[in-house]
Amino acid sequence: MAGAVAARTGDEMSGPALLVAGLAVTGSPLTASWLLAGLTVSAAAGGPLLGVLLDRARRPGRLLACCLLGYAGGLLLVLYGLGRVPDAALIGVAVVAGLLGPALTGGWTAQLPRVAGPERLSRATALDSMSYNVAGLAGPAVVGLVASAGGGGATVLVCAGLLVAALPAAWSLPPVRSRPASPAHPAAPGSPAEGGAAGRGRAVRAELVEGFAVIWRNAPLRRATAGSALSCCGLAMLVVSAPVLGAELTGESGHGALLLAVTAASGLAANAAIAAWGRVRRWDRVLAWGTAVLGAGMALAAGAGAFWAAVVAAAVAGAGEGPQLTALFSVRHREAPARLRSQVFNTGASLKITSFAVGSALAGPLAAYSASSALVAGAVLQAAAVAVLTAGRRGRSTPAQAPRSARGGR
């Protein structure tokens, strides 16, 4: 938990820190925004490959530590190059660093069953989700405080420091005691899959294909992956429009950050209640209902005529977003085969990051017209996500305390 909170707070800081540093050094909002876009848009390519490598590693924690170090190094390299090298080169560095981004989210969560064990996985998943809420609260606040006290460059240094602080926790994660061979691609002794660069390359490609096939063929995983990505695209509408809504209602765009803080705090409280309550049996329903409540909060915010009403709407949105994330992780833990768990988590994380980037790009023009139009669009996307999450679902959800890997599932 300490490592996850440090890494994810650094991750939450990284985007705003690059924005602040880029704007402070270059004075160009365009350069700053492109640095952020470069850091997020490459996640879709890096996530699946990172997942395969983590699944294949005997010591996945050490690979995770290398990802943390690489991400921090990329941020520091961008900071050093600002004003010294062409902006295009720095954006390229941000793109390369962004390939490692999913390791800070899905890469940690995929290791949770080895640390918590099946008997504590449900509560541990709720606590793990809370780390995202804590990071969502702390990350932007730390950026604001550090930027005020030490300037834009200092925010990147603090961000990198948090990522490095998570290294010992990642390095000490337990090793994989036994890694089941793929039934479709067994690694016989002396086979190409076991040795040789070409054989290893073929094995990685085979596992990439197999991981995507697992998500596609497993209906709960497919619904959860598609629905959560669509919901994340809608969530970007809330994030982008919050400063505009704050300015419309109070005359101060900074009050929009308060709305996002209320959303994160409400999500943290909801996940704390889930962790205290104990095991939940129907996580698929929690995922759909959480998405619906998130959409309702966005719809309420779109119609808010006063700031207090927007605060209430933000709290409603957070009450849905927090359990939604816990339920998403629980469905992945339950349905993903143990040998492909990291790939499933990293692929899902990368799709969500990329969807958020797309949603942010779409939300900009809408929020420039009015915050309400962006929020309505976000609420519509949440409704579409609920439709995806509930389509074709039959019967009762599988209990979260019986992971598929423990039930002999595929």
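Residues numbered from 1 in each chain as written. Predicted model: local features only at pLDDT ≥ 70, side-chain atom pairs only at ≥ 80, totals over all residues. Heavy atoms only, no water.

What to know about the overall build of the protein chain
Turning to step 1, where the next piece is worked out: A count of helical and extended segments in the protein chain gives 17 helices and zero strands.
Turning to step 2, where the next piece is worked out: Every one of the 410 residues in the protein chain was classed for burial, and the buried ones make up 50%.
Turning to step 3, where the next piece is worked out: For the protein chain, contacts bridging at least 24 residues in sequence account for 84% of all contacts bridging at least 6.
Turning to step 4, where the next piece is worked out: Summed over all atoms, the accessible surface of the protein chain reaches about 16,700 Å², with 69% contributed by carbon and sulfur. (Helix = DSSP H or I, 4+ residues; strand = E, 2+ residues; numbered from the N terminus. Buried < 20%, exposed > 50% of the residue type's maximum accessible area, 1.4 Å probe, protein only. Contact = heavy atoms within 4.5 Å. Areas by Shrake-Rupley, 256 points an atom, 1.4 Å probe, with all protein chains shown as cover.)

A word on the environment of leucine 249
Turning to step 1, where the next piece is worked out: Here leucine 249 shows up in helix H12 (residues 219–250).
Turning to step 2, where the next piece is worked out: Note: C-alpha distance between leucine 249 and alanine 310 (61 residues apart in sequence) is 8.8 Å.
Turning to step 3, where the next piece is worked out: If we skip the residues at most four places from it in the chain, leucine 249 touches Ala304, Gly305, Ala306, Phe307 and Ala310.

Some thoughts on helix H5 (residues 87–98)
An α-helix turns once per 3.6 residues; consequently, residues spaced three or four apart project the same way.
Turning to step 1, where the next piece is worked out: In this model, H5 (twelve residues) spans 16 Å end to end at C-alpha, consistent with the 16 Å of a helix rising 1.5 Å per residue.
Turning to step 2, where the next piece is worked out: Inspection of H5 places Leu90, Ile91, Ala94, Ala97 and Gly98 among the buried residues, and these make up the whole buried set. Down the axis of H5, the buried side of the element spans an arc of 120°, and every buried residue falls inside it. Turned more than 90 degrees from where H5 packs its buried face, Ala88 and Val96 sit exposed. (Expected span 1.5 Å × (residues − 1). Arc of directions from axis to C-beta.)

Digging into the pattern of salt bridges
Turning to step 1, where the next piece is worked out: The tally for this structure, following the rule as stated, stands at three salt bridges.
Turning to step 2, where the next piece is worked out: Across the salt bridge formed by aspartate 128 and arginine 8, the nearest N and O atoms sit 2.7 Å from each other. With aspartate 128 in helix H8 (residues 121–150) and arginine 8 in helix H1 (residues 2–26), this residue pair connects regions lying 120 residues apart in the sequence. One exposure class covers both aspartate 128 and arginine 8, and it is buried.
Turning to step 3, where the next piece is worked out: Residues glutamate 335 and arginine 334 are paired through a salt bridge, measuring 2.6 Å at the closest nitrogen-oxygen approach.
Turning to step 4, where the next piece is worked out: The exposure class assigned to glutamate 335 is buried, which follows from its relative accessible area of 1%.
Turning to step 5, where the next piece is worked out: Connected via shared salt-bridge partners are Asp284, Arg334 and Glu335. (Salt bridge = Lys/Arg side-chain N within 4 Å of Asp/Glu carboxyl O.)

Notes on the side chain of threonine 225
Turning to step 1, where the next piece is worked out: The residue threonine 225 is located in helix H12 in this model.
Turning to step 2, where the next piece is worked out: A relative accessible area of 9% places threonine 225 in the buried class.

Side note on the packing of H12 against helix H14 (residues 283–302)
Turning to step 1, where the next piece is worked out: At a closest axis distance of 11 Å, the pairing of H12 and H14 adopts a crossing angle of 20°. On the basis of the axis angle, H12 is roughly parallel to H14. As H12 packs across H14, the resulting crossing turns out to be left-handed. Along the contact surface, H12 presents Pro220, Ala224, Ser231, Gly234, Leu235, Met237, Leu238 and Leu245, while H14 presents Asp284, Leu287, Thr291, Leu294, Met298 and Ala301.
Turning to step 2, where the next piece is worked out: Within the contact of H12 with H14, the residues separate by chemical class into ten nonpolar, three polar and one charged. (Axes fitted to C-alpha atoms, helices over the stretch in contact; angles between N-to-C directions. Parallel < 35°, antiparallel > 145°, perpendicular 65-115°, else oblique. Left-handed = near helix turned anticlockwise from the far one by under 90°. Nonpolar A, V, L, I, M, F, W, Y, C, P; charged D, E, K, R; others polar.)

What about the environment of threonine 105?
Turning to step 1, where the next piece is worked out: Secondary-structure assignment places threonine 105 in the loop between H5 and helix H6 (106–109).
Turning to step 2, where the next piece is worked out: Separated by 241 residues in sequence, threonine 105 and asparagine 346 have C-alpha atoms that sit 7.6 Å apart.
Turning to step 3, where the next piece is worked out: Setting aside its immediate chain neighbours within four residues, threonine 105 contacts Arg8, Asp11, Tyr132 and Ala349.

Quick look at the side chain of threonine 125
Turning to step 1, where the next piece is worked out: Tracing the backbone through its elements, the reader meets threonine 125 in helix H8.
Turning to step 2, where the next piece is worked out: In this structure threonine 125 touches Leu112, Thr326, Phe329, Ser330 and His333, once residues within four positions along its chain are discounted.

Let's talk about the packing of aromatic side chains
Turning to step 1, where the next piece is worked out: Following the criterion strictly, the structure yields one aromatic pair and no others.
Turning to step 2, where the next piece is worked out: Positioned above the aromatic ring of tyrosine 80, the side-chain terminus of arginine 84 is 4.5 Å from the ring centre.
Turning to step 3, where the next piece is worked out: Against the face of tryptophan 216 rests arginine 222, its NZ or CZ located 5.4 Å from the ring centre. (Phe/Tyr/Trp six-rings, centres within 6.5 Å; stacked < 30°, edge-to-face > 60°. Lys NZ or Arg CZ within 6 Å of the ring centre and 35° of its normal.)

A look at the state of the cysteines
Turning to step 1, where the next piece is worked out: Under the defined criterion, the tally for this structure stands at zero disulfides.
Turning to step 2, where the next piece is worked out: With no disulfide of its own, cysteine 232 lies 8.0 Å from the sulfur of cysteine 233, the closest cysteine sulfur. (Disulfide = S-S within 2.5 Å.)

A short note on the confidence of the model for the protein chain
Turning to step 1, where the next piece is worked out: Averaged over all residues, the pLDDT of the protein chain is 80; the fraction at 70 or higher stands at 86%.
Turning to step 2, where the next piece is worked out: Low confidence marks residues 182–194, where pLDDT is under 50. Its contacts with residues over four positions away, or in another chain, come to 17 contacts.
Turning to step 3, where the next piece is worked out: Confidence drops under pLDDT 50 across residues 395–410; counting only partners more than four residues distant or on other chains, this segment forms 41 contacts. (pLDDT = per-residue confidence, 0-100.)

Points about helix H4 (residues 60–81)
Turning to step 1, where the next piece is worked out: Between the first and last C-alpha of H4 there are 31 Å, a value that for 22 residues agrees with the 32 Å anticipated at 1.5 Å per step.
Turning to step 2, where the next piece is worked out: Positioned one or two residues after H4, glycine 83 has a phi angle of 85°, which is positive.

Some remarks on the packing of helix H16 (residues 341–369) against helix H17 (residues 371–390)
Turning to step 1, where the next piece is worked out: Two elements in contact, H16 and H17, have axes separated by 5 Å at closest approach and are oriented at 140°. For the element pair H16 / H17, the angle class is oblique. In this structure, H16 contributes Ala363, Leu366, Ala367 and Tyr369 to the contact, and H17 contributes Ala371, Ser373, Ala374 and Ala377.
Turning to step 2, where the next piece is worked out: Taken together, the residues of the contact of H16 with H17 sort by class into seven nonpolar, one polar and no charged.

Looking at the nonpolar core
Turning to step 1, where the next piece is worked out: Counting 36 residues, the largest nonpolar core has Leu18, Leu35, Leu68, Leu75, Trp108, Val156 and Leu163 as its most contacted members.
Turning to step 2, where the next piece is worked out: Elements supplying a minimum of two residues to this core: H1, helix H2 (29–41), H4, H5, helix H9 (152–165) and helix H10 (167–171).
Turning to step 3, where the next piece is worked out: Top contributing element to this core by residue count: H4, with nine residues.
Turning to step 4, where the next piece is worked out: Not counting residues up to four positions away in its chain, the partners in contact with tryptophan 108 are Gly3, Ala4, Ala7, Arg8, Leu64, Leu68, Ala103, Ala166, Ala169, Ala170 and Leu173.
Turning to step 5, where the next piece is worked out: Listed in part, the 22 residues of the second largest apolar core include Cys233, Ala363, Leu375 and Leu381. (Core = buried A, V, L, I, M, F, W, Y, C linked by side-chain atoms within 4.5 Å.)

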